[in-house]
Amino acid sequence: MSLEIFGFRALWSPYFFLFVLLILAGYYMITIKYRGKFKNSEPLTRRQGVYFTVAMIVLYVIKGSPVDLMGHLMFYAHMIQMAILYLVVPPLVVMGVPQWLWRAVINHKTVKPVFRLFTKPLIAIILFNGVFSIYHIPDVFDVVKTDMMLHTVYTSALFLLAIFMWWPTINELPEMESLDGLKKVGYVFANGVLLTPACALIIFADTPMYNTYSDPNAWAQALQLCVPSSTLASLNLSGPEMFNSMSLIHDQQLGGVIMKIIQEIVYGIILAQIFYAWYKKEQEITPSEEETMLNPHLVK
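Residues numbered from 1 in each chain as written. Predicted model: local features only at pLDDT ≥ 70, side-chain atom pairs only at ≥ 80, totals over all residues. Heavy atoms only, no water.

Caption draft 1: Broad picture of the overall build of the chain. Along the chain, the regular secondary structure elements total 17 helices and zero strands. The dimensions of the chain, computed from C-alpha atoms along their principal axes, are 85 × 45 × 35 Å. Going through the 300 residues of the chain one by one, you find that 44% of them count as buried. Here the chain contributes 20 positive and 20 negative side-chain charges, whose respective centroids are spaced 14 Å apart. (Helix = DSSP H or I, 4+ residues; strand = E, 2+ residues; numbered from the N terminus. Buried < 20%, exposed > 50% of the residue type's maximum accessible area, 1.4 Å probe, protein only. Lys, Arg positive; Asp, Glu negative; His and termini not counted. Charge placed at Lys NZ, Arg CZ, Asp CG, Glu CD.)

Caption draft 2: Quick look at helix α12 (residues 181–203). The terminal C-alpha atoms of α12, which comprises 23 residues, lie 33 Å apart, in line with the 33 Å expected from a rise of 1.5 Å per residue. Bending of α12 peaks at approximately 35° at the position of threonine 196, with proline proline 197 no more than four residues after it. Buried residues of α12: Gly181, Lys184, Val185, Tyr187, Val188, Asn191, Gly192, Leu195, Ala198, Cys199 and Ile202, and no others. Contact partners of the buried residues in α12: α5 (75–87), α9 (121–135), α11 (148–170) and α16 (248–283). (Expected span 1.5 Å × (residues − 1). Bend = angle between axes of the 7 residues up to and from the residue. Contact = heavy atoms within 4.5 Å.)

Caption draft 3: Just unusual backbone geometry, in detail. In this structure, serine 13 takes a positive phi of about 40° despite not being glycine. By the element assignment, serine 13 lies in the loop between α1 (8–12) and α2 (14–33). When its relative accessible area of 15% is taken as the criterion, serine 13 is described as buried. You will see that asparagine 40, though not glycine, has its phi angle at about 55°, which is positive. As for its position among the elements, asparagine 40 is in the loop between α2 and α3 (46–63).

Caption draft 4: Summary view of the environment of proline 90. Structurally, the position occupied by proline 90 is in helix α6 (residues 89–96). Classification of proline 90 by relative accessible area gives buried; the value is 0%. Taking the C-alpha atoms as reference, proline 90 lies 9.1 Å from tryptophan 167; in sequence the two are 77 residues apart. Each residue touching proline 90, except ones within four places of it in the same chain, is listed here: Leu85, Phe159, Ala162, Ile163 and Trp166.

Caption draft 5: Region of the structure containing the packing of α12 against α16. Where α12 contacts α16, the axes come no closer than 9 Å and their chain directions differ by 175°. Between α12 and α16, the crossing angle belongs to the class labelled roughly antiparallel. Residues that form the contact of α12 with α16 fall into these classes: 16 nonpolar, eight polar and two charged. (Axes fitted to C-alpha atoms, helices over the stretch in contact; angles between N-to-C directions. Parallel < 35°, antiparallel > 145°, perpendicular 65-115°, else oblique. Nonpolar A, V, L, I, M, F, W, Y, C, P; charged D, E, K, R; others polar.)

Caption draft 6: How the structure looks around the UniProt feature "transmembrane region" (unreviewed entry) in the chain. Here, the residues flagged by UniProt with the feature "transmembrane region" (unreviewed entry) are residues 12–30, 50–67, 73–97, 117–137, 149–167, 188–206 and 257–279. From the first C-alpha to the last, residues 73–97 spans 34 Å; its make-up is 88% helix and 0% strand. Within residues 257–279, the helical portion is 100% and the strand portion 0%, while the C-alpha atoms at the span's ends are 32 Å from each other. (UniProt positions renumbered as here; feature names shortened; annotations may be inferred.)

Caption draft 7: View of the nonpolar core. Among the nonpolar cores identified, the biggest contains 81 residues, and Phe6, Leu69, Leu73, Trp102 and Phe128 are the most heavily contacted of them. When neighbours within four sequence positions are excluded, phenylalanine 6 is seen to be in contact with Leu69, Leu73, Leu223, Val227, Thr231, Leu232, Leu235, Leu237 and Phe243. (Core = buried A, V, L, I, M, F, W, Y, C linked by side-chain atoms within 4.5 Å.)

Caption draft 8: Summary view of helix α14 (residues 216–223). All of the buried residues along α14 are Ala218, Trp219, Ala222 and Leu223. For α14, the angular spread of the buried residues around the axis is 140°, confining them to a single face. Packing partners of the buried residues in α14 comprise α4 (66–73), α13 (211–214) and α15 (229–233). (Arc of directions from axis to C-beta.)

Caption draft 9: Examining the packing of aromatic side chains more closely. Scanning all chains against the criterion turns up 23 aromatic pairs. Each member of the aromatic cluster is reached from another via a ring pair, and the members are Phe75, Tyr135, Phe141, Tyr154, Tyr210 and Tyr213. (Phe/Tyr/Trp six-rings, centres within 6.5 Å; stacked < 30°, edge-to-face > 60°.)

Caption draft 10: Highlighting a nonpolar patch on the surface. Together, Tyr15, Phe17, Leu18 and Leu21 make up an exposed nonpolar region whose accessible area comes to about 430 Å². Among the residues examined, tyrosine 15 registers a relative accessible area of 60% and is labelled exposed. (Patch = residues over 30% accessible without salt bridge, like charges linked within 9 Å, V, L, I, M, F, W, Y side chains within 5 Å. Areas by Shrake-Rupley, 256 points an atom, 1.4 Å probe, with all protein chains shown as cover. Salt bridge = Lys/Arg side-chain N within 4 Å of Asp/Glu carboxyl O.)

Right under this line is the structure:
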């Protein structure tokens, strides 16, 4: 059955589009028009603007386009959405916000102690992976997916924890660097290990785990998060099998596999960047070292 039956609002989320547009407009207003109001501010670079703009485009695609609706119909689409939302968008946001703007936020007296605490590598990695794994416990998942307020709070908190989790590896503030090259590599590997149990539980389960994809009533309730109640009332739906040709267990297993693959790709890219930056730093020659090499007689 075609997704068109759910209507334009469910497919393209115009309110969420306006929300993302406001964030993007605010970002450019602060970083360009009102930049002079911030201490030690610098012009926005093309790289920063591209990163943040791409982050907002991707955010809308996975939360405001038909992909969001598909996440309620097919578990594998939900896992694609989760992987992109927490493993791709946050690092783009971190790299897209200028350093002077990060400093303005972080150095606020109410933000600084909290930010420093939650970006400590051990705390950041445990909190994100723990909250992410708890979300996919069936009893928790089914409750969160059927309550609009709880779903908004939980996923927003998880996004913030994803920012904290990525911070130790990709932030560019010298005073906030808590890990060197080798420790960053270990940190990324540890992230992969901690996320594996949740993926394995989903991949190797021999029965469908989530009522929101197997029970018609729970599924219909979960759909209300993205489909207007008036639209749902006019439709005669029996369950997600009307839109998915795969069995529930195969859909679930595919979701776990996709999540793990996307994770490995993203972490692989980050590791490559860490190794490159590390290698580049090791190859740098200070002026004094270069002078010594060119003038050996200066060495006593």
